[in-house]
Structures are given as C-alpha cells and as structure tokens.
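Structure assessment
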Amino acid sequence: MITAADIAKWKVLIVEDDADARFLMTYLLEFKGAVVHVAEHGEEALALLEEFFPDLIILDIAMPVMDGWETLKRIREINIFDQVPVIAVTAHAMKGDRERILEAGFDYYISKPFSPATVLDELVQALNQQTHVVAYLGAKR
Amino acid sequence: MVILLIAVLFPTTVTIETAISDYGVFQVLLTGLGVMISTITTVNLRRIQDQAVSLQAANQALTQQNRELDLAKREADEANRLKSEFLSTMSHELRTPLNAILGFSEIMKLGMGVKLEPVSYGMIERVHSNAEHLLELINDILDLSKIESGRFEIETAPFDVRALVKAIESQVSGLLAEKVEFQVDVHGDLPRYMMGDMKAIHRVITNLLSNAFKFTSQGHVALTLRPVKDEMKWQIQVQDTGIGIPPDALTYIFEAFRQADGSTTRKYQGTGLGLAITQTLVREMGGTINVKSELGRGSTFTIVLPMDIRQAEKEPSS
C-alpha cells in the first residue's frame, strides 16, 4: 500500500513543455515533500534519466521535439526503467484518449485541468490498484 | 399471290380478269403501302433514336449528378473531419491555460504554502469559481457541438433501471437543500432491464434535476419513471415546486444560451446550455421532451422515450 505521505520519499521527473503547468505540478509535488526534476521535452527527459533515477515520471503527451508517446517508448526500451511508473498528463479530454493512453503502457492518466486538492490522492489510489507499481515503489524505499 | 388476295378481298364485285387488267393500280397502291410502312418505320426509328439520344443525355446527367453528389459527400466528410479536428485542438488549447488558472487559484484558496489576507482570499475565490464556470461552458459547448455534428453516438445496450436511479441519487445528493425534499418514484410496471444509452439517459435526468434544484428553494423535486400506457414507450418526469417559467419563455428555454429571464443567468449560475443539450440528446434517442410550468408554482418536464426490451432481459448489465 502506498499512501499520500509516501510522496515525500519520491523522486519525480516532470516532463512538460508548458512552463505554467510545469511550475504547478512542481509546486504541488514539492509541497508534499517530493524531490522534483523537470524537463521541457522527451529528449531532455531521456538525458536526465540515469543521472536522476526517478521513482515516478509525469509525462505530458503533446510536446515539441519528442512527444509523450515516443518518450514512453524510449523509456521502456531502457532495461532499468521498464518498470518505472509513468503517468500521462494531457489536456485532450476527447473520447477514446483514455483507452489509447493506457493501451500505450502508461500507468495512469491525469487530465487537465486537474484539481491540486485531489489530484495526488487520486493518483496514489490508482497506483495502489496496480501490484507491479506498488511493488516497484515499495522496493525503492 | 396478289391475284389470289384480290380474289379473296373482292369475291363478288370484281372478277379475276378485271383484277388482272387493273394490276397496275394495285401495284401503285401496294407501292404506296410500302412507302407508308417504310415512312412509319423511319419515323419510329427516328423517334427511337431520339429517345435513345435523350436517354443517353439523361444517363450522362445522372452520372454527372452522381459524381457531383460523391464530391459533395467527400467535401462534407472532409468538413466534418476538420470540424472534429478543430474541436479537439480548441479543447486542448482552452484547457491548457485554464489548468494554470484553476490550479494556482485553488492552491491559494487552500492555503497550500501560501498565506492570504481575507480580501485577497475573497478575490482569488472569485477567480477560481469563474474559471470553473468557464470550464463548464467549454465542456458544454464541446458536448453540444459533438452531439449536433452526430459524433456523439447513441449506444444501445441493456441497462438496469435500478442501477441508473441509484447512480442518479448519489449524484444528486450534492444538490440537496434543507428545505427541498427529493422524491423518487419508479413505477412497478416499468421493466427493470431495458435497451438504451444509459449514459445519455443519466445525463438528461441529471440536467433536469440540477435545474429543478437550482430553481426550487422550498417544497420538493420529484423524479418519476413510468411506462406510457398502451404504448411501447416510457416516461421520465421531473417536477418541482420552484419559481416556474413565464409562459412566453417556454418557447425558447431549449435554445442554447437562453434562460427564462435574461437576468437569471447571473442569479442562477449555469451555462445556459443544459436544456439545449438535454433536448438534442432526447431527440437523438428518438424521444420527445415537453414542459409545463406555472409562475411561482413550479415546473414539470416530461421526456418520453421509446421502450426497447429486446434482449435486455437476457443480458443485463449494471
């Protein structure tokens, strides 16, 4: 079981091209005690991976240079990161997006706009449904 | 042959001899006949030829028309695709700044690491509630255009009426006011399992209920589901004891962005799209919606939907 208090132990990589969204997510996670690194697109994120070794990655879908789909694919290709929980963030709230995102291999999906009051609790609750994610984050402790 | 024919034709009045001597006359007659026949044939042939030509022309016109129709259809499909794409992009572009506005104003409101003076708090609360309203508007506009462009597909699947009512009750619990009683009546004769689009039905009922609660400060809001007698239809009724709708407004409350009283938009928050969406959805489901209202007494909205119980009892889902 993961609890919201565990967020304080996490290293989170936020990959997001929109500066405001990046700041918002960073503020929230740092407020909960997480250590946060940011990248503006997929390529930058991949360059940061081994050095930062995140416990969790929050990945925007629509980004320049390298979008979220491609970035996820590349992350999964790296042996030591094929299990790291990757959360999609998207402002696309059209029908079918959710299915497409989960099918692609994301572990959860946050749709914009999200509520800072509840988004992390919902995230923790959703991650608890997935045994491999719980095991992964548990082993990190 | 000719003589025989003449003998048969004129057995009593003309002798065979006369016939033979007058052979030249008959030959003229016969030739005339031949000319007549060939003329008739020629005329007929020409007519047939003319008809063939005009048929061919008609055929060509039809082919041309088909080509044009095909082109028009392709153009319409393309326009529809562009509209979908535009909606999707617009939705994305509008949500991105809203995410920042809603997010930061909520963080300030909740005081997550930020301390506010009471005046600032009041202001940021307004920023937040207006941003929420804007988001609601965007969602409703997108929904309405999705339904209108036919991209919102009405699904037909078995659903459980009891599960539907339960879901509605739990959603409405947030709207309940102290002086307003919420009554739910599901008629015993209504089949528990029916075919239809549960999400769409859920949406229209909650739209009507949220209006009813919004405009009712005391008394009751009643939801009634019952079969229509002697017809394969069923009825959803939402009745309230609220402020009611002026008679002249009854004609346009289903139009987008029109509320009964221009000033109510401000007094009673809402996007002004709820009833437009409701009516469009009901029509898409092959149903009708009606309203009766008396100022100061309340309003009654009645939706009638076709009842389909094929297969519904065989493979119920929740």
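Preceding this section is the structure that the text describes.
Residues numbered from 1 in each chain as written. Chains lettered and ligands numbered in written order. Predicted model: local features only at pLDDT ≥ 70, side-chain atom pairs only at ≥ 80, totals over all residues. Heavy atoms only, no water.

Residues and elements named next belong to chain A. The amide bond that connects Lys 112 to the next residue, Pro 113, takes the cis arrangement and shows omega of -5°. Tracing the backbone shows Pro 113 in the loop between strand 5 (108-111) and helix 5 (119-127). A positive phi angle, close to 50°, is found at Phe 53, a residue other than glycine. Relative to the helices and strands, Phe 53 resides in the loop between helix 2 (42-52) and strand 3 (56-60). Its identity is not glycine, yet Val 65 carries a phi of approximately 65°, on the positive side. Summarising the element assignment, Val 65 is placed in the loop between strand 3 and helix 3 (68-77). (Helix = DSSP H or I, 4+ residues; strand = E, 2+ residues; numbered from the N terminus.)

A few words on the environment of A:Ala104. Residue and element names in this part refer to chain A. Checked against the element boundaries, Ala 104 lands in helix 4 (residues 97-104). Taking the C-alpha atoms as reference points, Ala 104 and Lys 73, 31 residues apart in sequence, are found 8.4 Å from one another. Aside from chain neighbours lying at most four places away, what touches Ala 104 is Trp 69 and Leu 72. (Contact = heavy atoms within 4.5 Å.)

Next up on the list: the environment of A:Ala126. Assignment of secondary structure puts A:Ala126 in helix 5. Here the alpha-carbon distance between A:Ala126 and A:Ile2, two residues 124 residues apart in the chain, equals 10.0 Å.

Looking now at the packing of helix 5 (residues 161-172) of chain B against helix 6 (residues 198-214) of chain B. Residue and element names in this part refer to chain B. Viewed as axis vectors pointing N to C, helix 5 and helix 6 meet at an angle of 35°, and their least axial separation amounts to 10 Å. Of the two possible hands of crossing, helix 5 and helix 6 adopt the one that is right-handed. Across the interface between the two elements, Ala 163, Leu 164, Ala 167, Ile 168, Gln 171 and Val 172 from helix 5 touch Met 198, Ile 201, His 202, Ile 205, Thr 206, Leu 209 and Phe 213 from helix 6. Class assignment for the residues of the contact of helix 5 with helix 6 results in 10 nonpolar, three polar and no charged. (Axes fitted to C-alpha atoms, helices over the stretch in contact; angles between N-to-C directions. Left-handed = near helix turned anticlockwise from the far one by under 90°. Nonpolar A, V, L, I, M, F, W, Y, C, P; charged D, E, K, R; others polar.)

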